[in-house]
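# Secondary and tertiary structure notes
So the chains spell out like this:
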Amino acid sequence: MTPVIHARGLTKRYPNVTAVDDLSLRITAGEIYALLGLNGAGKTTTIRMLLGMVRPSSGTVEVLGTQVRPGAHAPWSRVGYLVETPAAYPELTVRENLAVAARLRGLTGGHHVDEVIERLLLTAYAGRRAGTLSLGNAQRLGLAKALLHKPELLILDEPANGLDPAGVAEIRDLLHELSREHGVSVVLSSHILSEVARLATRIGVIHGGQLVRELDAGDLATHLRPRLSVSARDQAAAERALSRAGFSPIRTETHDIALRDDRAIAEPDAVATVLVAAGCPPTRLVVEQDDLETFFLRVVES
Ligand SMILES: Nc1ncnc2c1ncn2[C@@H]1O[C@H](COP(=O)(O)OP(=O)(O)OP(=O)(O)O)[C@@H](O)[C@H]1O
């Protein structure tokens, strides 16, 4: 299947910094893919290169099977996008801004505008001048513009930016609905792990301009499950003894042994007994569970 986004070796060098460094992405139809990273990680630069707004120093991007080149037209009629701090005509009302955007998209009839106003809960603000909107409602207007032409792919830079928790939840529900009911593929950037964990089907962690890890939603759930963390003087012997006893030891990035078996979590004493019997008593045995932030920091620091 043709990926909706295929980026190969994307790199952007500025005189003093490499903002994005040899980043490759392959995103398939139906995914909600989140690029997750700290401030300055390279998310916005990546999103802008995907959209042809920043010219890569090297590397290529294909969107919906078409190579992206700055200034070229295709495939933007099938793509909706939102970049940081969405631009609107401040003197025009929300409805007028959307009508202009609809005309630029070649859409006729007012129903496109009415539909997105309702969908983005902008009815109460339809007559307000865009320049007087709160950041959250300006972000809603930006999303409404992105959705006017019913795109099959949405590329969104920090869509939750400026929204309060209720607004963040609304956007999450909207993106889920678009994905599930209309088959829309979504690529977004965010620095909020807890939000991304609830929204994305796949997460790409970006750090220092590099894609350091990709995880699907299931992987993340596994990483966040409790584990029994075990150390022994002879880790290899301990690992063998635990395997023989029917546990599934995993060597972690910090060289501890992690056991995620329900039995190990429920009965750490049984694990200790196995290790003592095998002649490699544990020097450390503790049930641990990462919260999202700890997990994220471990990924970017490892
Ligand atoms: N036009 C530019 N000229 C010079 N350096 C830039 C430019 N745009 C971005 N950078 C630098 O590239 C790096 C990545 O920036 P980018 O905006 O892509 O990160 P980000 O992950 O989107 O961060 P944020 O969430 O703060 O926007 C940063 O060090 C930034 O200062």
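Here the structure is a predicted model, which is why all the values come from computation and not from measurement.

### As for the overall build of the protein
Broken down by element type, the protein carries eleven helices and 14 strands. Along the first, second and third principal axes, the C-alpha set of the protein runs to 80 × 40 × 35 Å. Going through the 302 residues of the protein one by one, you find that 37% of them count as buried.

### Thoughts on the environment of L242
Mapping L242 onto the fold places it in helix 8 (residues 235-244). On the basis of neighbour count, L242 is assigned to the buried category, with 24 C-beta atoms found within 10 Å. For the pair L242 and A272, spaced 30 residues apart in sequence, the C-alpha separation works out to 9.7 Å. Beyond its immediate chain neighbours, meaning those up to four positions away, L242 contacts F247, P249, I257, L259 and V274.

### Details of the sheet that holds strand 12 (residues 249-251)
What the four strands build is an open sheet, ordered 12-13-11-14; its pairing is antiparallel. Both outer strands of the open sheet, strand 12 and strand 14 (282-288), are each paired with one neighbouring strand and no more. When the angles between neighbouring strand axes are averaged without regard to direction, this sheet yields 25 degrees. Where strand 11 (residues 227-232) meets strand 14, six bridges bridge the pair, whose relative direction is antiparallel. The residue of strand 14 that forms the bridge with V230 is L285. Packed on one face of the sheet, helix 8 meets strand 11, strand 12 and strand 13 (257-259) and runs near 20 degrees to strand 13. Here helix 10 (residues 268-277) sits on the sheet and contacts strand 11, strand 13 and strand 14; the angle it forms with strand 14, its principal contact strand, is near 160 degrees.

### Remarks on unusual backbone geometry
Outside of glycine, negative phi angles account for most residues, and trans bonds account for most peptide bonds. If you check the backbone angles, D22 has positive phi at about 55 degrees while not being a glycine. Mapped onto the elements of the fold, D22 is located in strand 2 (residues 17-27). Here D22 falls in the partly exposed class, since 14 other C-beta atoms lie within 10 Å of it. One non-glycine residue with positive phi stands out, namely L121, at about 55 degrees. Within the secondary structure layout, L121 lies in the loop between helix 3 (111-119) and helix 4 (135-147).

### What about the site of the ligand?
Around the ligand sit Y14, V17, A19, G37, N39, G40, A41, G42, K43, T44, T45 and H191, and that is every residue in its neighbourhood. Those elements that provide at least two residues to the shell around the ligand are strand 2 and helix 1 (43-50). With three residues, helix 1 is the largest single contributor of residues to the shell around the ligand. Class assignment of the residues belonging to the shell around the ligand gives a composition of four nonpolar, seven polar and one charged.

### Observations regarding the nonpolar core
A34, A144, I155 and V186 are the most contacted members of the largest nonpolar core, which has 68 residues in total. When residues of this core are assigned to their parent elements, the largest contribution, six residues, is made by helix 4. Core analysis: the next-biggest nonpolar cluster, separate from the first, contains 13 residues, L228, V230, A238 and L259 among them.

### A short note on the domain arrangement of the protein
Taken as a whole, the protein is organised into domain 1 (5-221) and domain 2 (225-301). Across the boundary between the two partners, domain 1 contributes eight residues, which contact six residues of domain 2. Looking at the side of domain 1 that touches domain 2, the elements with two or more residues in it are helix 6 (193-199), strand 9 (202-207) and strand 10 (210-216). For the side of domain 1 that touches domain 2, the leading source of residues is helix 6, giving three residues. Grouping the constituent residues of the side of domain 1 that touches domain 2 by class yields five nonpolar, two polar and one charged.

### Quick word on the packing of helix 2 (residues 94-104) against helix 4
Closest axis-to-axis distance for the helix 2/helix 4 pair is 10 Å, and the angle between their directions is 30 degrees. Judged on the interaxial angle alone, helix 4 and helix 2 are roughly parallel. In this structure, the crossing between helix 2 and helix 4 has a hand that is right-handed. The segment helix 2 lies against helix 4, with V94, N97, L98 and A101 engaging L141, A144 and K145. Counted by class, the contact of helix 2 with helix 4 contains five nonpolar, one polar and one charged residues.

Parameters and conventions
- Each chain carries its own residue numbering, running from 1 in the direction its sequence is written.
- pLDDT decides what is reported in this predicted model: residues at 70 or higher carry local features, side-chain atom pairs at 80 or more are listed and counted, and totals for whole chains, interfaces and linings draw on all residues regardless.
- Helix numbers and strand numbers start at the N terminus; a helix is a DSSP run of H or I with at least 4 residues, a strand a run of E with at least 2.
- Partly exposed residues are those falling between the two cut-offs: more than 12 but fewer than 20 other C-beta atoms within 10 Å of their own, whereas 20 or more means buried and 12 or fewer means exposed, with C-beta atoms placed from the backbone.
- In this description, a residue-residue contact is defined by the distance between C-beta atoms placed from the backbone, which must lie within 7 Å.
- Following DSSP output, two strands are said to pair if at least two bridges run between them.
- For helices, the axis comes from a line fit to the C-alpha atoms of the stretch in contact; other axes are also lines fit to C-alpha atoms, and the angle between any two N-to-C directions lies between 0 and 180 degrees.
- Near residues are defined by distance alone, with the backbone-placed C-beta atom required to lie within 6 Å of the molecule or strand.
- Residues are grouped as follows: nonpolar covers Ala, Val, Leu, Ile, Met, Phe, Trp, Tyr, Cys and Pro; charged covers Asp, Glu, Lys and Arg; every other residue, Gly included, is treated as polar.
- Buried Ala, Val, Leu, Ile, Met, Phe, Trp, Tyr and Cys residues form a nonpolar core when they are connected through C-beta atoms within 7 Å.
- These domain boundaries are the output of an automatic or database domain assignment.
- The labels follow the angle: roughly parallel below 35 degrees, roughly antiparallel above 145, roughly perpendicular from 65 to 115, and oblique for the rest.
- When the near helix sits turned anticlockwise from the far one by under a right angle, the crossing is termed left-handed; a clockwise turn instead gives a right-handed crossing.

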